[in-house]
Amino acid sequence: MLAPRQVLTRALLFRHIRQSSTAAALVQENDELPLTYLEGFPKPDAKHAETIVAFPRAQSGKNISAKERKAGRVPSIVFEQEDGQHGGNKRLISVQNNQIKKLVNHLGRSYFLSRLFDLEVRPDVDSEDIIEKVRVLPRLLHLHASTDAVLNVTFIRAPSNALLKVDVPLVFIGDDVSPGLKKGSYLNIIKRTVKFICPADIIPPFIEVDLSELDVGQKLVMGDLKVHPALKLVRAKDEPVCKIAGARVSAESKKSK
């Protein structure tokens, strides 16, 4: 089993893959070589790239957080690793509410939490000086239950050698030619995201789920997903993702029976 922390060394994951997966032959033997997106797999659209601007926050607590939100900022934290047990490097920051809200509304929550961003920490709002510039993955996003206002965000630093647990969104394609759906059956979506351990340089923005050959009663499981061979499933391969279920029976049809 892999270590239960959120960020692992690339070498540890590759060793695990080489020992337990047929994808091992496709993994580069030199762990220091950079990984790249493969042809035919989704990769982030550069037009959505954006630098998140942040400011240092000296203290935490309910009162401090309330003041930050009143000033139009979102209290946030950047970790070296999520559990903080291996270096930690925790920094209290605040980010601009308008920027985070725009990104979440534009990308969607799941896509926001599976995309890398550059984070620039500046001394204050009016300064152009940069205290720290780092690539990060949004790990947790807390929204107000009633208003969907952004309450806080947690980021994890994402250097090239980091391995990150990511809930990758699923995009379903081929529904227009699916034999089962053409017969009047319906798609039962069981999973909308699937958790993978991903090398930071090749986190997929989404995974395509091809329904084009599914007939009535057939299903796709996590092991059927087509992904970069360096990605490692966290859950069991036989867990279902979706299924073509029988046609829905209308209320009128039930009465006629």
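Residues numbered from 1 in each chain as written. Predicted model: local features only at pLDDT ≥ 70, side-chain atom pairs only at ≥ 80, totals over all residues. Heavy atoms only, no water.

**Section: the overall build of the protein chain**
For step 1, the next point in the chain: Check the secondary structure of the protein chain and you find 6 helices and 14 strands.
For step 2, the next point in the chain: Residues classed as buried in the protein chain amount to 41% of the 257 residues present.
For step 3, the next point in the chain: Sequence-distant contacts in the protein chain: of pairs separated by 6 or more residues, those separated by 24 or more amount to 68%.
For step 4, the next point in the chain: For the protein chain, the exposed area adds up to about 14300 Å²; of that, 49% sits on carbon and sulfur atoms. (Helix = DSSP H or I, 4+ residues; strand = E, 2+ residues; numbered from the N terminus. Buried < 20%, exposed > 50% of the residue type's maximum accessible area, 1.4 Å probe, protein only. Contact = heavy atoms within 4.5 Å. Areas by Shrake-Rupley, 256 points an atom, 1.4 Å probe, with all protein chains shown as cover.)

**So, the sheet that holds strand β12 (residues 219-221)**
For step 1, the next point in the chain: Across the sheet, which stays open at both edges, the 3 strands sit in the order β9-β14-β12 with antiparallel pairing between neighbours. Two strands bound the open sheet, and with one partner strand each, they are β9 (186-189) and β12. Strand after strand, the sheet turns through a mean of 10° between neighbouring axes, direction not considered.
For step 2, the next point in the chain: Of the strand pairs in this sheet, β12 and strand β14 (residues 240-245) are connected by 3 bridges, and their pairing is antiparallel. By the bridge assignment, Val221 is partnered in β14 with Pro240. (Pairing = 2+ DSSP bridges. Axes fitted to C-alpha atoms, helices over the stretch in contact; angles between N-to-C directions.)

**Comments concerning the confidence of the model for the protein chain**
Where the model shows low pLDDT, its predicted coordinates should not be examined in detail.
For step 1, the next point in the chain: Summarising the model, the protein chain shows a mean pLDDT of 83, and 80% of its residues fall at 70 or more.
For step 2, the next point in the chain: Low pLDDT, under 50, characterises residues 250-254; the predicted model gives this stretch 1 contact beyond four residues in sequence or across chains. (pLDDT = per-residue confidence, 0-100.)

**Topic: the nonpolar core**
For step 1, the next point in the chain: Counting residues in each nonpolar core, the largest one holds 30 residues, and the members touching the most others are Leu164, Leu170, Phe196, Val209, Leu225 and Cys242.
For step 2, the next point in the chain: Breaking this core down by element, the ones donating at least two residues are β8 (162-173), β10 (193-199), β11 (207-210) and β14.
For step 3, the next point in the chain: The greatest single-element share of this core, amounting to 6 residues, is contributed by β8.
For step 4, the next point in the chain: Here Leu225 is in contact with Leu170, Val194, Phe196, Ile207, Val209 and Val241, once residues within four sequence places are set aside.
For step 5, the next point in the chain: Within the second largest apolar cluster, 21 residues are counted, among which are Ile93, Phe117, Val134 and Val153. (Core = buried A, V, L, I, M, F, W, Y, C linked by side-chain atoms within 4.5 Å.)

**A short note on the sheet that holds strand β3 (residues 73-79)**
Note: strands within a sheet are paired through backbone hydrogen bonds, in either parallel or antiparallel orientation.
For step 1, the next point in the chain: Taken in spatial order, the 6 strands of this closed barrel run β2-β4-β3-β7-β6-β5, and their pairing is mixed. Between one strand axis and the next, the sheet turns by 45° as a mean value, whatever way the strands run.
For step 2, the next point in the chain: Inspection of the sheet shows strand β5 (residues 117-121) paired to strand β6 (residues 132-143) by 5 bridges, in the antiparallel sense. Among the inter-strand pairings, Asp118 is bridged to a residue of β6, identified as Arg135.

**Quick look at a negative patch on the surface**
For step 1, the next point in the chain: A surface patch of negative charge is lined by Asp124, Asp126, Glu128 and Asp129.
For step 2, the next point in the chain: Tracing the backbone shows Asp129 in the loop between β5 and β6. (Patch = residues over 30% accessible without salt bridge, like charges linked within 9 Å, V, L, I, M, F, W, Y side chains within 5 Å. Salt bridge = Lys/Arg side-chain N within 4 Å of Asp/Glu carboxyl O. Lys, Arg positive; Asp, Glu negative; His and termini not counted. Charge placed at Lys NZ, Arg CZ, Asp CG, Glu CD.)

**A word on the pattern of salt bridges**
For step 1, the next point in the chain: Applying the stated criterion to the full structure yields 10 salt bridges.
For step 2, the next point in the chain: One salt bridge in this structure joins Glu68 and Arg73, with 3.0 Å as the shortest N-O distance.
For step 3, the next point in the chain: Of the residues examined, Arg73 reaches a relative accessible area of 24% and is grouped as partly exposed.
For step 4, the next point in the chain: Through salt bridges with shared partners, a single ionic network connects Arg91, Glu132 and Arg157.

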